[in-house]
Amino acid sequence: MLLPPLPPAWKFAFECAMGTSGWQTLMGRIESAYTTSTVFPPESEIWAALESMRPEDVRVVVLGQDPYHGAGQAHGYAFSVPPGCAIPPSLRNIFTEYVQDTGHAFPQSGDLRPWARQGVLLWNTALTVVEGQPGSHSRLGYGELTAGLLSHLSTTGGPKAFWLWGKHAQKAGQSIRKEGHLIIESAHPSPLGAYRGFWGSKPFGQTNEFFQAQGLPPVNWCLDDVPLKL
């Protein structure tokens, strides 16, 4: 089995992050995992978050831990689920903060691809997970990849916002060259951590205020085309 090709615009960034041999080693480990166990997201969607943008188009990086580990949930975008899928607890907590921060209605769908189309990279510190085993691929070799990617993004294009949710994300975020960027660190939005500082962190509003202060357009965070709370 072979993984789908990496979107060409990202090839340089990933090979710079790991070197050609390191990249090939990681790809071999991922392919082996898919052949020996049930892994999410489906291999055809492993690069989905990269397909709608180039590195220089990224405006916001939302950094999570690893994909959802239940069938039909993960589709290649951190925290997002496909249309029609029940909204997982972590995403429900994100939406609770979204409602309070933006004034938009609580979304009926957990599909976050409207954000991705505006340059919001929904990325996890591990891109894959074994069914029913959260954190199972945290030591597969993604750490070097994510650290290198964040370093590259922080030196490519204009000002960016980096949302580092939880300890895994904050550790990876140490590679970000912070000058000129907005760094938002908070607890992870999981049910175990949201009350420890995720709620009330206002990442949506902070990010748009940052962009507007730079003379840049804000992100339209509205989902479901329902702009205000009912």
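Analysis parameters
- Sequence order as written defines the numbering, with residues in each chain counted from 1.
- In view of the model being predicted, local features appear only for residues whose pLDDT reaches at least 70, and side-chain atom pairs are presented and counted only at 80 or more, with totals across whole chains, interfaces and linings using the full set of residues.
- Values reported for side chains reflect all heavy atoms of the structure, with hydrogen atoms and water molecules removed beforehand.
- Exposure is judged per residue with a 1.4 Å probe applied to protein chains only, and the accessible area is read against the type maximum: over 50% gives exposed, under 20% gives buried, and values in between give partly exposed.
- What counts as a helix is a DSSP run of H or I of at least four residues, what counts as a strand is a run of E of at least two, and both are numbered from the N terminus.
- Only when DSSP finds a minimum of two bridges between them are two strands counted as paired.
- Definition of nonpolar core: a set of buried residues of the types Ala, Val, Leu, Ile, Met, Phe, Trp, Tyr and Cys, connected through side-chain atoms within 4.5 Å.
- Whether two residues are in contact is decided by their heavy atoms: any pair within 4.5 Å suffices.
- Inter-axis angles, ranging from 0 to 180 degrees, are taken between N-to-C directions of lines fitted to C-alpha atoms, where helices are fitted over the stretch in contact.
- Between 65 and 115 degrees an angle is taken as roughly perpendicular, under 35 as roughly parallel, over 145 as roughly antiparallel, and anywhere else as oblique.
- Here the nonpolar group is Ala, Val, Leu, Ile, Met, Phe, Trp, Tyr, Cys and Pro; Asp, Glu, Lys and Arg are the charged ones; every other residue, Gly included, is treated as polar.

S.K.: Help me out: how do you make sense of the pairing of strand E3 (residues 120-124) in this one?
M.R.: Two faces make up the sheet, and in a regular strand the side chains alternate between them. Most of E3 sits out of view: 5 of its 5 residues are buried. Side-chain alternation along E3 places Val120, Leu122 and Asn124 on one buried face and Leu121 and Trp123 on a second face that is also buried. Pairing geometry for strand E2 (residues 60-64) and E3, over 5 bridges, is parallel. Following the sheet pairing, Leu63 is matched in E3 by Trp123.

S.K.: Please explain the pairing of E2 as it appears in this structure.
M.R.: With 5 of 5 residues buried, E2 is to be regarded as a mostly interior element. Strand direction decides the pairing type here: E2 and strand E5 (residues 161-165), joined by 4 bridges, are parallel. Bridge pairing in E5 places Val62 opposite Trp163.

S.K.: It is not clear to me how the nonpolar core should be interpreted in this structure. Could you clarify?
M.R.: Taken as a class, soluble globular proteins show a tendency for nonpolar side chains to be buried jointly. In this structure, Trp10, Phe14 and Leu121 are the most contacted members of the largest nonpolar core, which totals 74 residues. Examining the composition of this core, we find that 11 residues originate from one element, helix H1 (residues 8-36), more than from any other. Beyond its immediate sequence surroundings of up to four residues, Trp10 is in contact with Leu50, Met53, Arg54, Pro55, Val58, Leu121, Leu149 and Leu153.

S.K.: Help me understand the packing of H1 against helix H4 (residues 142-153) in this model?
M.R.: Between two packed helices, the angle of one axis relative to the other and the distance separating the axes together describe the packing. Contact pair H1 / H4: the axes reach a minimum separation of 9 Å and the direction vectors enclose 170 degrees. Comparing the axis directions of H1 and H4 gives the class roughly antiparallel. For the pair H1 and H4, the contacting residues are Trp10, Phe12, Ala13, Phe14, Ala17, Met18, Trp23, Leu26 and Ile30 in the first and Tyr142, Glu144, Leu145, Gly148, Leu149, His152 and Leu153 in the second. In the contact of H1 with H4, the residues fall into 13 nonpolar, 2 polar and 1 charged.

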